[in-house]
Amino acid sequence: VVSTQSTGIPMPLDTSSYPTLRYIIDHAEPGRETELFKESLHHFTNVKATLEKIPPQQSADHLAKVVKMNCVQLGLLVNGHNKDSLNPPILDFSICHNVPFLKIT
């Protein structure tokens, strides 16, 4: 079992915490979304590199899949994809129960 401290992965948040995070994103200063997406992309890229170094495990595989998908989605958002969309990214917990992946609609 890989500890979250050894990989630098933050402790899992209870899903009840995500509405608070959603509020922070929704009420960020105009134009700050891109900065938040860049910061998130940086962290997901670091976690992705770490996860690719450890032996495969079922839970790590699920987390790695979410991290890889979030890297792609955040890269799109950083580069302005769907910038004019009125729909914010959706947090989807269908693959991993602790970490959502972002769906761009």
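Residues numbered from 1 in each chain as written. Predicted model: local features only at pLDDT ≥ 70, side-chain atom pairs only at ≥ 80, totals over all residues. Heavy atoms only, no water.

A count of helical and extended segments in the protein chain gives four helices and two strands. When the helices and strands of the protein chain are placed in sequence order, the string is α-α-α-α-β-β. The 105 residues of the protein chain split such that 27% are buried. (Helix = DSSP H or I, 4+ residues; strand = E, 2+ residues; numbered from the N terminus. Buried < 20%, exposed > 50% of the residue type's maximum accessible area, 1.4 Å probe, protein only.)

As a further point, take the side chain of asparagine 70. Mapping asparagine 70 onto the fold places it in helix α4 (residues 58-78). By relative accessible area, asparagine 70 is classed as buried at 1%. In this structure asparagine 70 touches Phe44, Pro100, Phe101 and Leu102, once residues within four positions along its chain are discounted. (Contact = heavy atoms within 4.5 Å.)

Here we take up the nonpolar core. Counting ten residues, the largest nonpolar core consists of Val47, Leu51, Leu63, Ala64, Val66, Val67, Cys71, Ile95, Cys96 and Phe101. Residue assignment for this core shows that the elements contributing at least two residues are α3 (32-51) and α4. Counting residues per element, this core draws most heavily on α4, which supplies five residues. Residues Phe37, Leu74, Leu77 and Val78 belong to the second largest nonpolar core, which totals five residues. (Core = buried A, V, L, I, M, F, W, Y, C linked by side-chain atoms within 4.5 Å.)

Tracing the sequence through the fold places aspartate 92 in strand β1 (residues 90-92). A distance of 2.7 Å separates a polar atom in the side chain of aspartate 92 from the backbone nitrogen of serine 94. With sequence-adjacent residues up to four places away left out, aspartate 92 is seen in contact with Pro100, Phe101 and Lys103. (Polar contact = N/O pair within 3.5 Å; in protein donor to acceptor, adjacent residues only side chain to side chain.)

Counted according to the given criterion, the structure contains one salt bridge. A salt bridge links aspartate 92 to lysine 103, with the nearest nitrogen and oxygen atoms 2.9 Å apart. Of this pair, aspartate 92 sits in strand β1 while lysine 103 is found in strand β2 (residues 101-103), placing the two residues eleven residues apart along the sequence. Here aspartate 92 falls in the buried class, since its relative accessible area comes to 12%. (Salt bridge = Lys/Arg side-chain N within 4 Å of Asp/Glu carboxyl O.)

In this section: α3. Over its 20 residues, α3 runs 29 Å from end to end, which matches the ideal 28 Å to within 8%, given 1.5 Å per residue. Restricting attention to buried positions, one finds in α3 the residues Leu36, Phe37, Val47 and Leu51. Across the axial projection of α3, the buried residues extend over an arc of 95°, all falling on one side. (Expected span 1.5 Å × (residues − 1). Arc of directions from axis to C-beta.)

Chain-level statistics for the protein chain give a pLDDT mean of 76 and a share of 71% at 70 or above. Per-element mean pLDDT across the protein chain ranges from 52 in helix α1 (residues 4-7) up to 88 in β2. (pLDDT = per-residue confidence, 0-100.)

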